[in-house]
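Single-letter residue listing:
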Amino acid sequence: RACGGHRNAQYPGAFFGALCAGGVSALFGWRIAFMLLAVPIGVATFFALRSKEPVRGGTDDPEAALQAVAKAPMKFRAATKTLLTVRTLKRQYWSFVFLGAGVVPLAIYLPLYLDEVYHLSDGARGAVGAVNALATFFGVTLAGKWTQRWLAVSMGEPLKRAGLAIASLGVGLFLIAICPFLWLSLLLGVITSFGVGMFGPPFLT
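Reference entry: report on the structure contained in this document.

The rules we used
- Residues numbered from 1 in each chain as written.
- Predicted model: local features only at pLDDT ≥ 70, side-chain atom pairs only at ≥ 80, totals over all residues.
- Heavy atoms only, no water.
- Helix = DSSP H or I, 4+ residues; strand = E, 2+ residues; numbered from the N terminus.
- Expected span 1.5 Å × (residues − 1).
- Bend = angle between axes of the 7 residues up to and from the residue.
- Buried < 20%, exposed > 50% of the residue type's maximum accessible area, 1.4 Å probe, protein only.
- Contact = heavy atoms within 4.5 Å.
- Phe/Tyr/Trp six-rings, centres within 6.5 Å; stacked < 30°, edge-to-face > 60°.
- Salt bridge = Lys/Arg side-chain N within 4 Å of Asp/Glu carboxyl O.

1. Comments concerning helix 7 (residues 87-118)
The periodicity of an α-helix, 3.6 residues per turn, causes residues three or four positions apart to be oriented the same way. With 32 residues, helix 7 ought to run about 46 Å at 1.5 Å a step, and its terminal C-alpha atoms sit 44 Å apart, in line with that. At Tyr109, helix 7 is bent by approximately 45 degrees, the largest bend along its length, and proline Pro111 sits one to four residues beyond. Those residues of helix 7 that fall on the buried side of the exposure criterion are Gln92, Leu99, Gly102, Pro105, Leu106, Leu110, Tyr113, Leu114 and Tyr118. Next to the buried residues of helix 7 lie helix 8 (122-153), helix 9 (157-178) and helix 10 (182-204).

Written out as C-alpha cells, the structure is:
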C-alpha cells in the first residue's frame, strides 16, 4: 500500500495538468499553454530543491542509519556489480526497456494519434488525458491492495502480475492502433491506462 500511495502521488497532478493544458491550449494556443504551465513546475522545483534529504533507513533503524552514513559509500562500479548479481533486480532493470516502449507511446503518441487520425481538439485531448490519468490512479490503488494478497501466494507472484500488466499494455496499444472507431479507441485507452496502474505497486514491492 505504501508503494501504491507513492506511485499515486503523481496522478492527481496528471489529471488536473491534462485538463489545464488542454483548456489553456484550446483558449490561447499551445505556446501560451507551454509557457504558462512552466510556472507551477518552476515553483515545485524551487521548493523541492529546498527540501532536506532524509537519512536513508532512518525510519527503520535510526542508529544503524547514522552509522551507515558515517562510512565511506560504496563505489558506483562495485555497487552496480553487487546489484546485478541479484537475478530479480537484473530482470527488473531489463524490463524498464519494455516499460518505456509501452508507457511513452501511451502518454506521448496517443494524444498525437487522436489529433492526426480523429482530429480531436486540444481541449478534448486534454480531457482524454485526464480520464486516462484517473484510470491509472484507480489501477494503482487496486494494485496496492491486491499486492498484499499476491505476496501471500508467493514472493514471486507480484512480479508475475506486474509482467502481465506490462504485457496488457502492449496488447492495448496494438488494439488502439488498429481500431476504426473513436469511441472504442477512447475506451481501449482508458482500459490500457488502468493496466499501466496495475504495474507499479507489485513491481516496486
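There is more to say after this.
2. Concerning the packing of aromatic side chains
Summed over all chains, the structure comprises seven aromatic pairs. For the ring pair Phe46 and Phe47, a centre distance of 5.3 Å and an interplane angle of 80 degrees mean the geometry is edge-to-face. Among the aromatic residues, those joined into a ring-pair cluster are Phe96, Phe199 and Phe203.

3. Comments concerning the pattern of salt bridges
Inspection of the entire model under this criterion finds two salt bridges. With a closest N to O distance of 2.4 Å, Arg125 and Asp122 form a salt bridge. Of this pair, Arg125 and Asp122 both sit in helix 8, three residues apart, which is roughly one turn of that helix. Residue Asp122 is classed as partly exposed on the basis of its relative accessible area, which comes to 26%.

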